[in-house]
Amino acid sequence: QLLRPPYPPADVEQCNVQLAALDQLRAELKARRSPSLKRQAHAARSAAARPDAAEFAGEPDQAQAVHLAGAQLDASCELYAAAKRAMHDAARITVDAMQLLYKDRPEFSKAFAEAEAKLSAADSDLAETRRGFERAADAFAAVPGCARYEAEARWRSVQSQHKILLVRCQKTELAMRRMLQCHFEDMVNAERAQFAAKWKTFVERSGGPLGVCGYLTVMHHYSAVVYVHLFLLIPLAWLYFDYDRRFSWSASSFDVLLSTASNAAGQLGSRTNLITYWGAAAGLMVVFGALHLCCCGVRTRGGWSAPRRDEGVAIMWDMSARMQTMLLWLLTIISELLIMKYLVIDPLKDATDILAGDPDANHIVSLVIHWLPVAVLYFSSLQFVFTVWVGVFGWFYGVIDDVALVTTWAQLADAFEPPPHNSGLPARIVQEFFATMMPKASAPAAAAQLQQQHQQQTVAFGRLWNAIILHFYDDHRISKDELQRYSYKIRAAAGGDAGGDWLHADITGYPDLAKAPVSREVRQHLVRFVNNVRMPAKPTKHIAVAEMQPLTVVTPVGNEKIMYSYEYITRADNTQSSFLQHVISSQRDQWENFKNKEFVSAKQKDWVTRLEKDIMQGVTPDVVPRHGKRRWIHDTAEGQLTKALLCDWASLRFQALYRTVHGFMLIPVALQILARLQQPQLSQADAELLVRSKFSYIIGLQNFGAQLQLYKLSKAKARAGGSALLTPPERDAHDAVAAVKRLMQRWPVLRVAFPDRIDAADSAAADDDDDELRPEPLQPANQPRSSSSIGLPQQRPQPGPGHGRQQPAAQAVRYVARLHTGSGQRLTLPLLGPFADMGLGKPAHQNFLTQFIDGNIVQTIDVNQANVLSQSFFVPSVLAEFDADKQVKIIGCPEFVITTHWSSTAWCSAFSEHTFGTLVQRVYARLGIRLHYGHPDFVDAHWVMCETGLSKLPYVSEDIFTGFDTVLKGGKIGHVEYHEVGKARDVDLYTTTKFMRKISMGGSQMACSRYIRQVQSCVNVSFMQRLSFYYTTVGFYMNHLMLYLSVWFALTSQVLIVVMQRFITGEGISSYIAGRVFVFQVGLALVIPGLLQLILERGLLLGLWKYLVHVLMLSVYSTFHILNISGYWQYGMTRSAFYLASGRGSGLEHYFMRDMFDTFYRTHWRAGFLILWLGVLVLILTGNVLVFAIMYCLPAGIWLWGAIFLNPGALPSTVHEEQWKRLMNRDMTEADDIIASALGFAAYEPAPRGGSYLRRLALRIARAAKRAVRLLRWLYHSVNFWLHMRVVRLIAVLVIGWNYVFAARIPTYIFTDERRRHLSWDDDSTWRTLRGGGNGAVSAHKQHADVPLSRAEASPVATSAASLRRRRLLGASNSHLNALPPDPSLPSASPSSGRVSRPQMLLPKPGNSSGNNGNGGNGMRRDRRQLPDSPIANGDRLLP
């Protein structure tokens, strides 16, 4: 059906032939599935060993025949196993190839060709196997007494024939699948091209030389921005000539005004420059207007017939938003004029007058060079002034909205104090809770009932507060003592809870809030909860759980980690840091709570203590049994439970899907508590039934269908040899299936949807395949449900055998969408199109999930988000916002960043994210320019399914276009401050780099979209609002490029002016050069809104201190990402945008020089080297150290060495010194390889022969010139990288001195990421044994109960040889290892102690070097070379 015209009929005919062949093969396969085959298989499996030759001692011919037949049978079995492996490899390659279809067609075809080749090899091997089995069967038939072995050979021959048919079926299906996939993509692209040719115009296109078409598109869409910049030239010219001082405006009489006007006329006549500049500005405006109307305003074809989304719809702007927008832009424009006057114009005016006032010399070139960077800066500076005023407005709105009423623990404790004068009223927090979050009573209570009502209110709030405290205790965030201290003591009254009234109880004790919790997270969450309760701006109607609208939470999942496995959290990277080590170091209090609560038995405590010691010393524990010995952690039920608890605890501390599901499944818990508080007579079962009709959670696993298929293919291999025999993709598939089962077992109401492929031959057993992921139901599967229950509605047909699966008539492959719930319900729906891969990113899969939404409101949640119970109680208030204003279609809320304290880079990412989610969106919502930014917005489900959709598929920044659609179609977008959702951001520089590059390309795509044009040309959008839409969307990226260009123009013009004045004009160096130093630091204005938000939340002094502590890191972070944003905005304008997965890694692995060179050279290092040498030239010619340090060294240093020193393991403060030496030597070796590759002499070039003498001479000269250029390039790279690495070593040595001299006395913030490793080897008896301790290894290993001792290790000679080899690998041939200082903080272990630490494995194991990050690793590696390849392993050199 897909291969319709205009495709060639030959392809359609070939497809039909393959379909017929496939049907014939499957029919033959079905016919061969007979019970006799199963009986033969059972007989073959029950057969004993091969017949022994001793049985035929008297008949040597028969013995020889039996021996040959047995050998033939064994060889055929091995060949059969190899063919099966080839089939599995082909299936794996096919799954991987599906990920390449929409990204790289040649690689896709290459992968499919490889899979076909493996299937062909398997076909030939199986054919040879069948012949071998037949020959073995004939040989056994010729020998009396071997009938059983003949039957085995015959059965294996039949089995081989069955596999041959199956392989041929797979080959046919693979060929047809490739054809269908490619033709489907071609068909979609052809329809897109047809649509673009009919509707899309040149004003929606990018590309051209240097992206000129894209920039013309931006100028056309945002013509208001160009007009305002040209208009501002008029007052700037007035200010430049100081006409504000020439006129006196103090007089008020008419005569004085006339005299002033006459004086002005005389002055204008004497100095006509002002009129000239005014005329030039007006002329530029007229020229741009003519070009805009004549060239850009006329559509090429079919233009105005294209449908507009805002046709006949008035955008919902109120007068308040218009007036506030006007005030904002009035202040912005005035501030821009003052900044340009006093910071830009005045420092340059004197030098300009000197250059222009010399009549004997022509300084036109000098004037152009002098003013060009200022002109470029002028077009970008308005963005930064606008950002500052947005911060001021956001701070003011936050003050008047009372968003920071409670900011400290003392203020929280004050809210729990009872009112004075013994009034009998409850505490202030209880009164405000019932005033703002509970439905109002229908009639006022009598005076006699007030006391009882106040007591019940206290009991109600106490039960809610106790649930919050208990939630923190269950998550191991507080200890048992803190649980008792912060809880209300509630005792059920006589006939209370047993009688059905949940609030009929007595308060016997109140929380003791004199001491704050140890955990910083708990303090922040409790303070936020009390602050949000006291916040007044909440709706008061429809906030009861029984009246609220049903909510559906949707989370699309790609390649992210569902749960962290035991191997993942305990594996040490090349920096000797494991995930578990970092989590324990950063959350020590929660780790102690976890150990004290969960590990009860003595064996668990002992094992966890030893594990913690190994983990904190950078040792990877054995994750698989060695030498076949059983281990407690792997082979006992208690050990498996301990592993599961560890994985659960670690998964709740980072960006796994498990944390997201765990957090948002707290919403039904909160709703149940609120329902029982609002209706005290409601039982727990009735409350659960009510909540199940109001809440549902759907997880969309994008790649789970392929993982499930791979899991089924490798299940037998895993049963035979465990996880050691599995490949990394197979291991990931097994982990994913196990994690999904774990999720559905813990939360039975959770729903999992994923696209899958079902073969027609397996359609009868399709329901059996579903059992692979559906666990045992925790409640009866046939339990009756109402039509609004959490599961599938009752009007839908109940799932049964074959439900939703019609047998295809002439279709070979069918793609379906599966929905599973832990309560035993399933649903299968057909999908349109032969694709199981929904594309990169989340937009297609998010829209795919809309078919399962059954609530009125949908909340879009990403994988890296979290939630707490204290914030879940505000969900009914947020949903009531939709009832308060029917025009509201989207509501956003702030986010608290859960990875703030993971590293210094994570703090900067959290700083920018928190500022945007709170202060900035607060202003955008007030001005009516807030759009949809994806997570964690609440969206009207009927609106998105009928009007806008959750995402727009063709765009990288897919979420914001739903906001454009909503605004254009008359919907409102709001923002609330009283509900917060957790959010994890990228924690290292490499993942943040990918994120910045992705959103920059998305911004370039957005700038050329039709949505932007329709918003800018809407009739009821004012001029100021058009400016606001520009500077809140596209202008951010565009002005980063303008800022980068202005810096380049400033630096190069500086050099040109200095050279001209020194060597051409012969003048002295002008002093005005130093005046330009601070002009181009306007980018620091971007952090002012964040500073104001810190002051609002933490107070003036604490906010300033928090900012000053991180100001150095913020400067590095913001300056470094200027090139990422500007470079990839330009890439999107010139070429095309593409989705770039950030990886969401843990940021603990060291990135080597080759990885950094491939990532940062073109964007950062090339510009950094050039700026550095330009600065050296300016320093030589002028001697001005200030200019060299600030204008040249500052950006060059950040761009060159920012990535180096933010790289884990780059400094000895974050890793052991010896390991740092090995990492550094590896970096230096790769730097040598980079320099060698820059030379370009890959092969010998022979001398030219033949032709005339002049031709040979010309070729020789050209070759010599080429070699000279290569030599200069090699010299340039050599000097650059020599300087680069020497500076790295110099700063590292300074850090070593800092650590040993000052670190124990003075707190340091030099990029340590709160991780300082000091390992004590000399106090470790195991390490002494490895240096030649003889039999000490035997006693040490005997004391380690879980590690078996091999025969080679038990030998003293072997131990000495092994230790010598390891010493050579570790580079310990010199005596410097003996000088390692012992660390008294680590306990020493002696042979007499009960536990001996294992040796420090400085070099990672071959199996432990794979990526340790979610989404398949960080994605920044090109290879996974191991540390033994470093020069220190070969004894080449050691750092001093």
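Since the model is a prediction, treat every value here as computed from it, not as a measurement. (Residues numbered from 1 in each chain as written. Predicted model: local features only at pLDDT ≥ 70, side-chain atom pairs only at ≥ 80, totals over all residues. Heavy atoms only, no water.)

(A) Spatial organisation of the pattern of salt bridges. Evaluation of the coordinates by the stated rule reveals 29 salt bridges. Residue arginine 477 is joined to glutamate 521 by a salt bridge in which the shortest nitrogen-to-oxygen separation is 2.5 Å. Here arginine 477 is found in the loop between helix H15 (447–474) and helix H16 (480–486), whereas its partner glutamate 521 is found in helix H17 (residues 520–534), with 44 residues between them in sequence. Given a relative accessible area of 7%, arginine 477 falls into the buried group. For lysine 595, the salt bridge identified is with glutamate 612, shortest N-O distance 2.9 Å. A residue pair is termed long-range when its members are at least 10 positions apart, and lysine 595 in helix H20 (residues 588–598) and glutamate 612 in helix H21 (residues 602–616) qualify at 17 residues. Classification of lysine 595 by relative accessible area gives buried; the value is 17%. (Salt bridge = Lys/Arg side-chain N within 4 Å of Asp/Glu carboxyl O. Helix = DSSP H or I, 4+ residues; strand = E, 2+ residues; numbered from the N terminus. Buried < 20%, exposed > 50% of the residue type's maximum accessible area, 1.4 Å probe, protein only.)

(B) Broad picture of the pairing of strand S3 (residues 551–557). Among the seven residues in S3, seven count as buried, and that is most of the element. Direction of pairing for S3 relative to strand S4 (residues 695–701): parallel, over a ladder of seven bridges. Residue pairing for S4: valine 554 is matched across the bridge by isoleucine 698. (Pairing = 2+ DSSP bridges.)

(C) Region of the structure containing the pairing of strand S10 (residues 888–892). Among the five residues in S10, five count as buried, and that is most of the element. Where S10 meets strand S13 (residues 972–975), four bridges bridge the pair, whose relative direction is parallel. Looking across to S13, one finds that isoleucine 890 is bridged to isoleucine 973. For S10 and strand S12 (residues 938–940), the ladder comprises two bridges, and the chain directions are antiparallel. Looking at the pairing, isoleucine 890 lines up with valine 939 of S12.

(D) Spatial organisation of the packing of H20 against H21. Two elements in contact, H20 and H21, have axes separated by 10 Å at closest approach and are oriented at 155 degrees. Considering the angle they form, H20 stands roughly antiparallel to H21. As for the relative orientation of H20 and H21, their crossing is right-handed in sense. In contact with Arg588, Trp591, Glu592, Lys595 and Glu598 of H20, H21 contributes Gln604, Val608, Glu612 and Met616. Across the contact of H20 with H21, the residue classes tally to three nonpolar, one polar and five charged. (Axes fitted to C-alpha atoms, helices over the stretch in contact; angles between N-to-C directions. Parallel < 35°, antiparallel > 145°, perpendicular 65-115°, else oblique. Left-handed = near helix turned anticlockwise from the far one by under 90°. Contact = heavy atoms within 4.5 Å. Nonpolar A, V, L, I, M, F, W, Y, C, P; charged D, E, K, R; others polar.)

(E) Representation of helix H24 (residues 657–664). The element H24 is extensively covered by neighbouring structure, given that eight of its eight residues are classed as buried. All of the buried residues in H24 are Leu657, Tyr658, Arg659, Thr660, Val661, His662, Gly663 and Phe664.

(F) Broad picture of the confidence of the model for the chain. Here the chain shows a mean pLDDT of 74. Residues at 70 or above account for 70%. This model gives residues 1–5 a pLDDT under 50, and the stretch forms 12 contacts once residues within four places in sequence are excluded. Low pLDDT, under 50, characterises residues 832–836; the stretch is placed with 14 contacts to residues that sit more than four places away or in other chains. (pLDDT = per-residue confidence, 0-100.)

(G) Seen up close, the packing of aromatic side chains. Inspection of every chain in the model, using the stated rule, returns 53 aromatic pairs. Their ring planes at 25 degrees and their centres at 6.3 Å tell us that phenylalanine 461 and tryptophan 465 sit as a pair that is stacked. In this pair, phenylalanine 461 and tryptophan 465 both sit in helix H15, four residues apart, roughly one turn of the helix. With respect to class, phenylalanine 461 is no different from tryptophan 465; both count as buried. Ring geometry for phenylalanine 594 and tryptophan 649: centres 5.4 Å apart, planes at 20 degrees, overall stacked. With phenylalanine 594 in helix H20 and tryptophan 649 in helix H23 (residues 637–651), the pair connects residues that are 55 residues apart, well separated along the chain. Summarising the burial analysis for this pair, phenylalanine 594 and tryptophan 649 share the class buried. An aromatic cluster is present here, built from Phe416, Phe433, Phe434, Phe461, Trp465, Tyr488, Tyr510, Phe529 and Phe874 joined pairwise through their rings. Against the face of tyrosine 473 rests lysine 597, its NZ or CZ located 4.5 Å from the ring centre. Residue placement shows arginine 1226 over the ring face of phenylalanine 1152; its charged tip is 4.0 Å from the ring centre. (Phe/Tyr/Trp six-rings, centres within 6.5 Å; stacked < 30°, edge-to-face > 60°. Lys NZ or Arg CZ within 6 Å of the ring centre and 35° of its normal.)

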